[in-house]
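Next come the chains, spelled out residue by residue.
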Amino acid sequence: MAIDTLLVVVGVYDDVADAKADYERVGDLHTEAGLIDAYDAAVIERTDKGKTRIVKKHETPTRVGGVLGGGMGLATGLVVALFPFAAVGGGLLAGTAAGGAILGAVAGHAAAGMSRHDLKELGEHLDEGSAGLVVVAVSDMGAKVERAMERARKLEQKQLEADVSEIEADVAGLERAAAGP
């Protein structure tokens, strides 16, 4: 079992435009480092009614995101673990039963890779702003990712341990089951 230790950096913002600007900076940072396929990120917005929606996301195509289909990776899974009824844009994240099962599996792996205490803290931090940025990156990019998130009012960093091959196997099994005999 190959466990990857990844870094989760969560930024709290008063404005979704600031979160999107830092999202772009994080993407540029990874592009310049030649690591565009080494991170997942999601910008979330809290509505007036207390709902959470993902307004922008990047999922690693060569890691979990590419296998999952529909662009669901660890950042999206972590958002769903923290906010189970999150939406993407105007719609729900999981439009089909198979999509819901896949998303549930990724969210489960993301949540299992962190302590309950860390998950609770991240959720509480994100509740403090009207927007947030969730970045899952390789651990040696942590300080650079934090510097790129310069507009954040507050930053929190946690470790996430994930067995990417196990996630891929679970998702492949769910996709096979959805495809039928």
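Note that the structure is predicted; figures quoted are calculated from it, not measured.

1. As for the nonpolar core
Part 1 of the argument: By size, the foremost hydrophobic cluster in this structure holds 25 residues, and its most contacted members are Val8, Leu74, Leu78 and Val79.
Part 2 of the argument: Listed by contribution, the elements that provide at least two residues to this core are β1 (4-13), β2 (39-46), α3 (74-82), α4 (97-112), α5 (116-127), β6 (131-138), β7 (154-162) and α7 (164-179).
Part 3 of the argument: Here this core gets five residues from one element, more than from any other, and that element is α3.
Part 4 of the argument: Within the second largest apolar cluster, 19 residues are counted, among which are Val9, Ala19, Ala41 and Ala137.

2. Focus: α3
Part 1 of the argument: Where burial is concerned, most of α3 is hidden: eight out of the nine residues are buried.
Part 2 of the argument: Listing the buried residues of α3 in full gives Leu74, Ala75, Thr76, Gly77, Leu78, Val79, Val80 and Leu82.

3. A word on the pattern of salt bridges
Working definition: two side chains of opposite charge can pair if their charged atoms are close together.
Part 1 of the argument: The final tally for this structure, using the stated rule, is 12 salt bridges.
Part 2 of the argument: Salt-bridge contacts for Asp22 lead to Arg151; the nearest nitrogen and oxygen are separated by 3.0 Å. Here Arg151 lies in the loop between α6 (142-148) and β7 and Asp22 lies in helix α1 (residues 16-32), a separation of 129 residues in the sequence.
Part 3 of the argument: For Arg53, the salt bridge identified is with Glu45, shortest N-O distance 2.7 Å.
Part 4 of the argument: Since its relative accessible area comes to 19%, Glu45 is described here as buried.
Part 5 of the argument: Three or more residues are tied together by salt bridges with common partners; here these are Asp22, Arg25, Glu150 and Arg151.

4. Side note on the pairing of strand β3 (residues 52-58)
Part 1 of the argument: Direction of pairing for β2 relative to β3: antiparallel, over a ladder of six bridges. Bridge pairing in β3 places Glu45 opposite Arg53.

5. Observations regarding the side chain of His125
Part 1 of the argument: Tracing the chain through its elements places His125 in helix α5.
Part 2 of the argument: We classify His125 as buried; its relative accessible area is 12%.
Part 3 of the argument: Side-chain polar atoms of His125 contact the side chain of Glu156, separated by 3.0 Å.
Part 4 of the argument: When residues no more than four places from it in sequence are discounted, the contact partners of His125 are Val12, Lys154 and Glu156.

Criteria and thresholds
Residues numbered from 1 in each chain as written. Predicted model: local features only at pLDDT ≥ 70, side-chain atom pairs only at ≥ 80, totals over all residues. Heavy atoms only, no water. Core = buried A, V, L, I, M, F, W, Y, C linked by side-chain atoms within 4.5 Å. Buried < 20%, exposed > 50% of the residue type's maximum accessible area, 1.4 Å probe, protein only. Helix = DSSP H or I, 4+ residues; strand = E, 2+ residues; numbered from the N terminus. Salt bridge = Lys/Arg side-chain N within 4 Å of Asp/Glu carboxyl O. Pairing = 2+ DSSP bridges. Polar contact = N/O pair within 3.5 Å; in protein donor to acceptor, adjacent residues only side chain to side chain. Contact = heavy atoms within 4.5 Å.

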